[in-house]
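Structure assessment
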Amino acid sequence: MTDLELLEAYRSLWSNRSLPAAAEEARAVLIEAIQRDLKDEMTHPRLRKSPYEKFALALKRISDSSLSAEAKYLLIRIYVTEAEKLIKLPHA
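Keep in mind that what you see is a predicted model, and the values were worked out from it rather than measured.

Next up on the list: unusual backbone geometry. Backbone geometry places D40, a non-glycine residue, at a positive phi of 55 degrees. Positionally, D40 belongs in the loop between helix 2 (26–39) and helix 3 (51–64).

By the element assignment, L67 lies in the loop between helix 3 and helix 4 (69–87). When the C-alpha positions of L67 and K39 are compared, they lie 24 Å apart, and in sequence the two are 28 residues distant. If near-sequence neighbours (up to four positions away) are discounted, L67 is found in contact with A9, S12, L13, K72 and L75.

Our next topic: the nonpolar core. Ranked by size, the top nonpolar core spans 24 residues in total, and within it Y10, W14, L30, I34, L75 and Y79 carry the most contacts. Looking at this core, the elements with two or more residues in it are helix 1 (3–13), helix 2, helix 3 and helix 4. The element that contributes the greatest number of residues to this core is helix 4, accounting for seven residues. Leave out the neighbours within four places in its chain, and Y79 touches Y10, W14, I34, D37, L38, F55, A58, L59 and I62.

For the rest of this paragraph, the subject is the packing of helix 2 against helix 4. In contact at an axis separation of 10 Å, helix 2 and helix 4 are set at 60 degrees when each is read in the N-to-C sense. One finds that helix 2 runs oblique with respect to helix 4. You can see that helix 2 and helix 4 cross each other, and the crossing is right-handed. Counted together, R27, L30, I31, I34, Q35, D37, L38 and K39 of helix 2 and L75, I78, Y79, E82, A83 and L86 of helix 4 form the full contact between these two elements. Of the residues assigned to the contact of helix 2 with helix 4, the class counts are nine nonpolar, one polar and four charged.

Take the pattern of salt bridges next. In the structure shown here, the tally under the stated rule is seven salt bridges. For the salt bridge of E8 with R11, the shortest nitrogen-to-oxygen distance reads 2.7 Å. Taken together, the positions of E8 and R11, both in helix 1 and three residues apart, correspond to about one turn of that helix. The shortest N-O distance in the salt bridge between K54 and D37 comes to 3.4 Å. In this pair, K54 is assigned in helix 3 and D37 in helix 2, connecting sequence segments 17 residues apart. Judged by its relative accessible area of 14%, K54 falls in the buried class. Each of D37, D40 and K54 takes part in salt bridges that share partners, so that together they form one network.

Now for the packing of helix 1 against helix 2. The angle between the axes and the distance between the axes are what describe a pair of packed helices. Their axes nearest at 8 Å, the elements helix 1 and helix 2 cross at an angle of 30 degrees. By the criterion of interaxial angle, the relationship of helix 1 to helix 2 is roughly parallel. Crossing handedness for the pair helix 1 and helix 2: left-handed. When helix 1 is examined against helix 2, the residues D3, L4, L6, L7 and Y10 are found in contact with a partner set consisting of A26, R27, V29, L30, A33, I34 and D37.

Cut-offs applied
Residues numbered from 1 in each chain as written. Predicted model: local features only at pLDDT ≥ 70, side-chain atom pairs only at ≥ 80, totals over all residues. Heavy atoms only, no water. Helix = DSSP H or I, 4+ residues; strand = E, 2+ residues; numbered from the N terminus. Contact = heavy atoms within 4.5 Å. Core = buried A, V, L, I, M, F, W, Y, C linked by side-chain atoms within 4.5 Å. Buried < 20%, exposed > 50% of the residue type's maximum accessible area, 1.4 Å probe, protein only. Axes fitted to C-alpha atoms, helices over the stretch in contact; angles between N-to-C directions. Parallel < 35°, antiparallel > 145°, perpendicular 65-115°, else oblique. Left-handed = near helix turned anticlockwise from the far one by under 90°. Nonpolar A, V, L, I, M, F, W, Y, C, P; charged D, E, K, R; others polar. Salt bridge = Lys/Arg side-chain N within 4 Å of Asp/Glu carboxyl O.

Any functional reading would require information beyond the geometric quantities listed.
Below you can see the structure in the form of structure tokens.
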């Protein structure tokens with residue numbers, strides 16, 4: 001699965017996010033969007049959830065989606081990697 005296809009899969013889960021990107025920048029745009037999601041930057045500061053909550057909600061949304069198993073796996077892998085950087089999750 002290409003980075004552009006993976007970005008398209010991410011867009012399908014969060015329909016209000018357009019995230020325009022050319023093929024060569026798709027991975028960077030996807031990672032930046034996931035980092036913003038984990039930090040809950042698109043929510044008013046008083047209503048923001050913790051990175052732990054955002055991580056759990058994202059994993060549930062991905063696993064409950066109709067995406068292919070490959071797309072789910074790849075998105076979850078990126079979420080885990082970015083969450084480990086942000087919230088110091090223990091490595092599996």
